[in-house]
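Per-entry structural report
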Amino acid sequence: MYQCSETNKTRETFCDIYFEMSLKKILLGTVFLRNRYIGLSSVSTITDKKYRFDESEGFLFRTKGKILTAAVFSSVLIGAAVNEQIKDKNVKSQSNDVVIEAGEKLPDLPTYTAEEVSKHGDKNSFWVTYKHGVYDVTKFLPSHPGGEQIMNAGGLSIEPFWNVYGMHKTPEIYKLLESYRIGNLHDDDVIDHSDDELWVKEPVRDNRLIVKTAKPFNAEIPAKYQIEFFDTPNELFYVRQHMPVPELDADDHRLKVTVKGSKIRTEEFSLRDLDKFRRVTTRAALMCAGNRRSEMNEVKPVKGIGWMGGAISNAVWGGVYLRDVLLYSGVDPEDTKGKHVIFTGADIDATGVNFSTSIPLDMAMNPSSGILLATTMNGHPLPPDHGRPLRAVVPGAPAVRSVKWLQSITVSEDESPSHWHQKDYRAFNPSKTWETADFATAPPVYSLPVTSAICDPADGDVVSVKNGAVQVRGYAYSGGGAKIVRVDVSADGGRSWWEARELQADAAPPQQHYGWTLWTASVPVATQQKEVELWAKATDSNFNTQPERFNDIWNIRGILSNAYHRIKIKLVH
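Summary of the structure given here. (Residues numbered from 1 in each chain as written. Predicted model: local features only at pLDDT ≥ 70, side-chain atom pairs only at ≥ 80, totals over all residues. Heavy atoms only, no water.)

**Some words on the sheet that holds strand β29 (residues 517–524)**
- The strand order across the open sheet formed by four strands is β23-β25-β29-β28, and the pairing between neighbours is antiparallel. A single partner strand is all that each edge strand has here, and the edge strands are β23 (451–456) and β28 (502–504). The sheet shows a mean angle of 25 degrees between the axes of neighbouring strands, taken without regard to direction.
- Inspection of the sheet shows β28 paired to β29 by three bridges, in the antiparallel sense. Paired with Q504 across the strands is L518, a residue of β29. (Pairing = 2+ DSSP bridges. Helix = DSSP H or I, 4+ residues; strand = E, 2+ residues; numbered from the N terminus. Axes fitted to C-alpha atoms, helices over the stretch in contact; angles between N-to-C directions.)

**Let's talk about the packing of aromatic side chains**
- Summed over all chains, the structure comprises 16 aromatic pairs.
- When the centroid spacing of 5.8 Å and the interplanar angle of 75 degrees are considered together, the rings of F140 and Y180 count as edge-to-face. Note that F140 is positioned in the loop between β8 (133–136) and α7 (159–164) and Y180 in the loop between α8 (171–178) and β9 (181–185), a separation of 40 residues in sequence. With respect to burial, F140 and Y180 carry one shared label: buried. (Phe/Tyr/Trp six-rings, centres within 6.5 Å; stacked < 30°, edge-to-face > 60°. Buried < 20%, exposed > 50% of the residue type's maximum accessible area, 1.4 Å probe, protein only.)

**Describing unusual backbone geometry**
- A cis geometry characterises the amide bond from R388 onward to P389, with omega recorded as 10 degrees.
- Note that P389 resides in the loop between β20 (380–381) and β21 (391–393).
- For the bond running from D456 to P457, omega is 5 degrees, close enough to zero to count as cis.
- Tracing the backbone shows P457 in the loop between β23 and β24 (462–464).

**Regarding the pairing of β8**
- Direction of pairing for strand β7 (residues 125–130) relative to β8: antiparallel, over a ladder of four bridges. Looking at the pairing, W127 lines up with D136 of β8.
- Of the strand pairs in this sheet, β8 and β9 are connected by three bridges, and their pairing is antiparallel. Residue pairing in the sheet places V134 in a bridge with G183 of β9.

**Focus on the nonpolar core**
- If you look at the biggest cluster of nonpolar residues, it comprises 38 residues, and the most contacted ones within it are L326, V341, F343, L373, L406 and I409.
- Excluding residues that lie within four positions of it along the chain, I409 makes contacts with L255, K256, V257, T258, L322, L326, V341, I342, F343 and L373.
- Residues V489, A538, I567 and L571 belong to the second largest nonpolar core, which totals 23 residues. (Core = buried A, V, L, I, M, F, W, Y, C linked by side-chain atoms within 4.5 Å. Contact = heavy atoms within 4.5 Å.)

**What to know about the environment of G494**
- Within the fold, G494 resides in the loop between β26 (484–490) and β27 (498–499).
- On the basis of relative accessibility, which here comes to 25%, the residue G494 falls in the partly exposed class.
- Between the C-alpha atom of G494 and that of W535, which follows or precedes it by 41 residues, the distance is 7.4 Å.

**Overview of the pairing of strand β13 (residues 254–259)**
- As paired elements, β13 and strand β14 (residues 265–270) share six bridges and run antiparallel to each other. Across the sheet, L255 pairs through a bridge with F269, a residue of β14.
- Direction of pairing for β13 relative to strand β22 (residues 406–412): parallel, over a ladder of four bridges. Its bridge partner lying in β22, T258 is registered against T410.

**Some words on the sheet that holds β22**
- Strands sit in the order β14-β13-β22-β17-β18 across an open sheet of five strands; the sheet is mixed. The sheet is open, and its two edges are formed by β14 and β18 (354–360), each paired on a single side. Across the sheet, the mean angle separating the axes of adjacent strands is 15 degrees when strand polarity is ignored.

Here it is in structure tokens:
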């Protein structure tokens, strides 16, 4: 066991143990940085940040619930404010409109030691480092979507955060960061925050997936495969990760269920224990709340992964009903008002914080909700990317509620306190900015609006006209168990609409249509037309129809992006 003593606080010793740390330890290694400014001689600096040193483990632990959130600076820099603030700043590292990659050593800037940087960690002066760069981001603090959590990153390197949240390594984010550049970090204090250890055990993925980010892995299914299979093959099911995939043993895995009330009741289940409940299957599509975000981004830049239409897939999930497990664990089905079910996964960020979100208890206890604790996907054990060995499946809700690698369930009067629940997946009107949005008062998104997308032909395709028409295929979906009752396609800017005559859907009971619908339409085109723009819109059994324009539903997070889907194609008669 490594001990941080006066005789081994050298850089070499630190580097030797750094790469042996578990994921929970890796970012905390940043807190050490170098013995020249943080060590046993300066524990007071650490305890001021609500941390303590534990000699039995040799690294810093969280206390009092104050954490170095992995969203600390990564979420800051990916905000919708990015593009607006870039326009108003002179980038110090920019010459002749060529942007230098963030963190490169620059001439003619002052040099700071890590010790000097560590003294700037409050609202009056807030500095961070990235590779060779030193940045004063004090003025950016009010724009941070995560609120006060960013304060725990003051005076430290943000590089370990970005190694976990690799989607931030983009020219736009680098440019914003460099706009706050004030100097260079002393050469002796630059640490190689290699991220290889975090990702060496990632699953092997199908090379047909369209990769949006590699670390963490996020990828969508190509449109042509969406319509080829009603139930998406496991290897083609889109992948949404927030952190590295945890490695779990099904035989050893345990699910802890805690019910809080006048008394606290706790149950623990192995996967074999769960088999005593009735086994069921549910066909359900899972869709990221940010599906089709790239189209909304064309109106005005938004925050988030630039999903096209491939962040939705369909599968048959096998497991047991969440409701049955909660009843067994002592939940009163008549006492659900104002209570919540918190799902916590085994995936953790670089600070040791587990992914977590929650749903209302009355939603979980609804007998027709179909919410599962799932162990199989399309008749096979869950793949690692999709939650092996256990996950929640919350049909009709944004996929973020279907927590993977499920390790605990808590019934409480409180919602999940996690960043992903409190500061994300909430909707705002088009006028709200990151500065004016109040996440605390915005309702969480627990259902999804009706949507559709054209999968074939693709935008820009050359299409042969047959019998005066073109064949158009795609998918449609609506949340909350609503059935797709109609899909309409227009080839003349909405003056006339042609109804899809083929709808392939699951034969589910009313209000339990959790799967998607695949559709085919024959759309007439004029003989003289050389190019046409196709519009598609769906209507569900609640007779909700997609809105026409993204302008009217734009929001800073880029979620619930469900306006008409439009593509342009060239025609060959």
